[in-house]
Amino acid sequence: MAVPIINDWTKYFDNPDEGLGSSYERIVLNKLLDYVCKVYKIQSALETPCFGFTGISGINLLNLARQGIKVSLEDHNLERLEKIRELWQELRLHTDIKYNPDYVQLDYPEKHFDLGFNFSALWFTQNIKSFLSEFCRVCHKAILICVPNRNGIGYKMQIKDYTPEKYPFLHPEYLDLATIRYLMKQNKWQLEDENYIDCPPWPDIGMKKELFLNRLLKKQEIQEKDTEPVTILSYYQEEDSKFAEKMFRYSFVERTAPKQFKKYWAHHYYLLFTPENKKKKKKIVIL
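Just so it is clear, the structure is predicted and the values come from calculations on it, not from any experiment. (Residues numbered from 1 in each chain as written. Predicted model: local features only at pLDDT ≥ 70, side-chain atom pairs only at ≥ 80, totals over all residues. Heavy atoms only, no water.)

Draft legend 1. Here's a closer look at the side chain of E192. With respect to the helices and strands, the residue E192 is situated in strand 6 (residues 189–197). Of the residues examined, E192 reaches a relative accessible area of 10% and is grouped as buried. Among the polar contacts made by the side chain of E192, one reaches the side chain of T274 at a distance of 2.8 Å. Those residues within four positions of E192 in sequence are excluded, and the remaining contacts are Y40, L272, F273, T274, K279, K280 and K281. (Helix = DSSP H or I, 4+ residues; strand = E, 2+ residues; numbered from the N terminus. Buried < 20%, exposed > 50% of the residue type's maximum accessible area, 1.4 Å probe, protein only. Polar contact = N/O pair within 3.5 Å; in protein donor to acceptor, adjacent residues only side chain to side chain. Contact = heavy atoms within 4.5 Å.)

Draft legend 2. Focus on the packing of aromatic side chains. This structure, assessed with the given rule, holds 15 aromatic pairs. Between W9 and F13, the ring centres sit 6.0 Å apart and the planes meet at 90°, which makes this aromatic pair edge-to-face. For W9, a relative accessible area of 6% translates into the label buried. Centre to centre, the rings of Y108 and F113 are 4.9 Å apart; their planes meet at 80°, and the pair counts as edge-to-face. (Phe/Tyr/Trp six-rings, centres within 6.5 Å; stacked < 30°, edge-to-face > 60°.)

Draft legend 3. Representation of the pattern of salt bridges. Per the stated rule, a full pass over the model turns up 11 salt bridges. The closest approach of N and O atoms between K98 and D107, which form a salt bridge, is 3.8 Å. Using a relative accessible area of 62% as the deciding quantity, one classes D107 as exposed. Here K246 makes a salt bridge to D240, at a shortest N to O gap of 2.8 Å. (Salt bridge = Lys/Arg side-chain N within 4 Å of Asp/Glu carboxyl O.)

Draft legend 4. The arrangement of the nonpolar core in detail. If you look at the biggest cluster of nonpolar residues, it comprises 90 residues, and the most contacted ones within it are L115 and L144. The element that contributes the greatest number of residues to this core is helix 3 (residues 19–39), accounting for nine residues. Those residues within four positions of L115 in sequence are excluded, and the remaining contacts are L33, V36, C37, I42, S44, A45, L46, L64, C139, A142, I143 and L144. (Core = buried A, V, L, I, M, F, W, Y, C linked by side-chain atoms within 4.5 Å.)

Here is the structure:
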């Protein structure tokens, strides 16, 4: 996630042009979510917090809703919640949305959801121990957590803007993989699978990837306003049926690069957990 999105997230609701980078990210993420939902027979899912990375907020689980899965979302910004609600309504899809100021408690019954999902948003929770305890309480089949790849070149560039004084509500220390594994084990959830995800042929930089690729290939210099708009909403609105296919054209690094390369190039890392004593499934192969 680019730290600047904390300040400019509203622009994507006015102009849904997410660019090539976020669009590829969403399609690869859809593939992972589809796999998890199929294997664990998911019928309901909670994403909390639902704000975490560049692009339109609150639409990570749109594809699941299109498949008939009951989706619930939580966020800590009332204005953003309303914009998310309006967008889902425009797409004629339903989601239950709740305001949660700190994510210390999740106001749902025990084992209420089949799947718990968090994408690049753990650092918005104000007490990770309490949050993960609650997450484990309200879910009962699987929990999928994705965090920015802290070894990645892009993350190291973007986090330079962070200081505790400037972002007192942000907790980068909560993205630590060992901490997440430990706390989930304390809550009696076992690690089912983990791996790098979102590894396209461009680094995780805070600029449109179309501009980056043009500069890399030394093509004629273009400005952001001259690039073709790219948004997954055209796919969800059934205006671009080949959207996913076009994004997968950039998946050759994701499919073929060795893990040691992905350690420094991939944009995210996922951890999939299931309750302890459940029989483990085979390792996930997304692409």
